[in-house]
Amino acid sequence: MNYRELGNTGIKISEVSFGTWAIGGSWGKTSDEEALKSLNYAIGQGVNFFDTADVYGDGHSEELLAKATKGREDQIHIATKFCRQGDIFDPKNYSYEKVSAYCEDSLRRLKREAIDLYQIHCPATEILRDGSVFEVLDRLKQEGKIKQYGVSVETVEEGLICLENPNVKSLQIIFNIFRQKPLENLIPEAYQKGVGLLVRLPLASGLLTGKFANNHQFEADDHRCFNENGEAFNVGETFAGLGFQKGVELADQLKWISEGRNSMASAALRWILDHKEITCIIPGFKNVKQVEDNLLALETKSFSEEEKHNLQNFYQEKVQSYIRGPY
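First things first, this report covers the structure right here in the doc. (Residues numbered from 1 in each chain as written. Predicted model: local features only at pLDDT ≥ 70, side-chain atom pairs only at ≥ 80, totals over all residues. Heavy atoms only, no water.)

With that out of the way, let us pick up the pattern of salt bridges. Inspection of the entire model under this criterion finds 23 salt bridges. Note that Lys193 and Glu189 form a salt bridge whose closest N and O atoms lie 3.6 Å from each other. Residue Glu189 is classed as partly exposed on the basis of its relative accessible area, which comes to 29%. Linking Lys289 and Asp293 is a salt bridge whose minimum nitrogen-to-oxygen distance equals 2.9 Å. Taken together, the residues Lys289 and Asp293, both in helix α12 (residues 288-295) and 4 residues apart, mark about one turn of the helix. A residue is classified by how much of its surface remains accessible, and Lys289, at 49% relative accessible area, is partly exposed. The structure contains a network of salt bridges with shared partners spanning Glu104, Arg139, Glu143 and Lys145. (Salt bridge = Lys/Arg side-chain N within 4 Å of Asp/Glu carboxyl O. Buried < 20%, exposed > 50% of the residue type's maximum accessible area, 1.4 Å probe, protein only. Helix = DSSP H or I, 4+ residues; strand = E, 2+ residues; numbered from the N terminus.)

In C-alpha cells, the structure reads:
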C-alpha cells in the first residue's frame, strides 16, 4: 500500500481507500457478513481510511465500520458526513444545535470519541457562501468532537468557495476520466493551498469497469435505477451525470486503456492516482472481490503523456457536452 498526506494535516492515508455507500444501501442487495469480511480484508491489505455518511443505510454503514475497526480506532481513520438527514437548503439545518446532534449520533454509531474527518455532505451552494456552518465546525473541533473537517461538493464553484476558508482541510469531489473539469482550476488550487482531495465515483458508478451492456437492468433499490436523471438527488452522483446508454457507448470507446494493464477498472483508477494532487480514491464495494479489483490500481502501469493527452481530448470532444447537472 502507498500512503499520501491528507493535505497539510499530517495524516497519511492509503491512496486506495474505500467509500461505504454501497454496503449501507441504495446499491442493490447487500450482506452485512460480506461487508464486514470485505472491510477486514481491506484493512489487512493496508487500507487505513474509510468514508461514510449518516444517511448511508440510515447510519448502518457507520455501525459496520464500528464493528470492523473495533480495537483499531487509532490506526484506521474514518470520515463521515452530515446534513442530508435534513433540508440541505435550510440554514437551521446547519445550526450548532443541529450539527452537534448529527455529530453525536455519528459518534455513537461509530463508537468513537472523536470523528477523524467530519464533512458537510453536498450542501446547498448558498450555505457554503454564507459560511456560518464553518464556525459551527470550528466549535465542534474546539470541543474535541471532531479532529478535522472538510466538504463534499457537487461543483467546482462550491469547491473554490470552500478553499477560501483556511480551516477546510479536505474536499471530496467527483473526478474521473468522464469528469475532468476539476483539473482546470479546482485541483491545482486545492493542492497549492494544502487541502486534501478525496475522489468519489472514480469509476462513474461502474461505467468505467466496461462491464455493462446497454440493456443492463439494475435492481429497483439501486440508485443507478432510480436516479439516472436526478430524480432523487444530484444527477452527477449517478454515472457522473451521463445518461446510462451514452455512458456505455463512451465506455466502449475507452476499452483501449486496459491494454497492458490489469483491467479497464484498474486503469481508470490508475489515471486518477497519476495526479499527484489527489490524496486518495474512495471506490465503493460490496464484496471481497470488488475490494481486490480496486486494489489492483496500485500495481497498474501509469499512463504516458501521450495517453493522458488522448484522454483529455476524448473528454473535451466526446464527453463534456453530454454531462448533465451543475458541475
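Packing of helix α2 (residues 32-44) against α12 brings their axes to within 8 Å, and their N-to-C directions diverge by 30°. With respect to each other, α2 and α12 are oriented roughly parallel. For the pair α2 and α12, the sense of crossing is right-handed. Only Val288, Val291, Glu292 and Leu295 of α12 make contact with α2, whose side of the interface consists of Glu34, Lys37, Ser38, Tyr41 and Ala42. Looking at side-chain class alone, the contact of α2 with α12 contains 5 nonpolar, 1 polar and 3 charged residues. (Axes fitted to C-alpha atoms, helices over the stretch in contact; angles between N-to-C directions. Parallel < 35°, antiparallel > 145°, perpendicular 65-115°, else oblique. Left-handed = near helix turned anticlockwise from the far one by under 90°. Contact = heavy atoms within 4.5 Å. Nonpolar A, V, L, I, M, F, W, Y, C, P; charged D, E, K, R; others polar.)

This part takes up helix α6 (residues 132-142). A turn of α-helix holds 3.6 residues, and therefore any two residues three or four places apart point the same way. Inspection of α6 places Val133, Phe134, Val136, Leu137 and Leu140 among the buried residues, and these make up the whole buried set. The arc that holds the buried residues of α6, viewed along the axis, is 155°, so those residues lie on one side. Facing away from the buried side of α6 by more than 90 degrees, the exposed set consists of Glu135 and Gln142. Directly after α6, the chain includes Gly144, whose backbone phi takes a positive value near 85°. (Arc of directions from axis to C-beta.)

Here we come to the state of the cysteines. This structure, assessed with the given rule, holds 0 disulfides. Between Cys103, a cysteine without a disulfide, and Cys83, which holds the nearest cysteine sulfur, the sulfur-to-sulfur distance is 14 Å. Cys103 gets classed as buried once you look at its relative accessible area, which sits at 0%. (Disulfide = S-S within 2.5 Å.)

Core analysis: the largest hydrophobic core is formed by 91 residues, its most contacted members being Phe82, Tyr118, Ile120, Phe134, Leu137, Leu171 and Phe178. In terms of residues, this core owes the most to one element, helix α11 (residues 264-273), which gives 8 residues. The next biggest cluster of nonpolar side chains, apart from the first, holds 9 residues, and it includes Leu6, Leu198, Cys280 and Ile282. (Core = buried A, V, L, I, M, F, W, Y, C linked by side-chain atoms within 4.5 Å.)

Here 8 strands make up an open sheet; going across it, the order is β3-β4-β5-β6-β7-β8-β9-β10 and the pairing parallel. In this open sheet, the two edge strands, each paired with only one partner strand, are β3 (18-19) and β10 (280-281). In terms of strand pairing, strand β5 (residues 77-82) meets strand β6 (residues 115-121) through 4 bridges, oriented parallel. When the sheet's bridge partners are listed, Ala79 is paired in β6 with Leu117. (Pairing = 2+ DSSP bridges.)

Before going further, it helps to examine unusual backbone geometry. Of note, Cys122 is a non-glycine position whose phi angle comes to about 50°, a positive value. A relative accessible area of 4% places Cys122 in the buried class. Here Ala240, not a glycine, exhibits a phi torsion of approximately 55°, which is positive. Here Ala240 shows up in the loop between α9 (223-226) and α10 (244-252).

The subject of this paragraph is empty space enclosed by the protein. A complete count under the given rule lists 2 cavities of 30 Å³ or more for this structure. Quantified by volume, the largest cavity comes out at close to 80 Å³. Forming the boundary of the largest cavity are Val153, Glu154, Thr155, Val156, Ile173, Ile174, Arg179, Pro182, Leu186 and Tyr327. A class-by-class count of the residues in the lining of the largest cavity yields 7 nonpolar, 1 polar and 2 charged. Taken as a whole, the second largest cavity encloses approximately 30 Å³ of empty space. Lining the second largest cavity are Leu6, Ile11, Ile13, Phe49, His77, Asp116 and Leu117. (1 Å grid on protein atoms, 1.4 Å probe; cavity = no way out; pocket = protein on both sides within 12 Å on 5 of 7 lines; lining within 4 Å. Points joined across faces, edges and corners; volume = space filled by probe spheres on them.)

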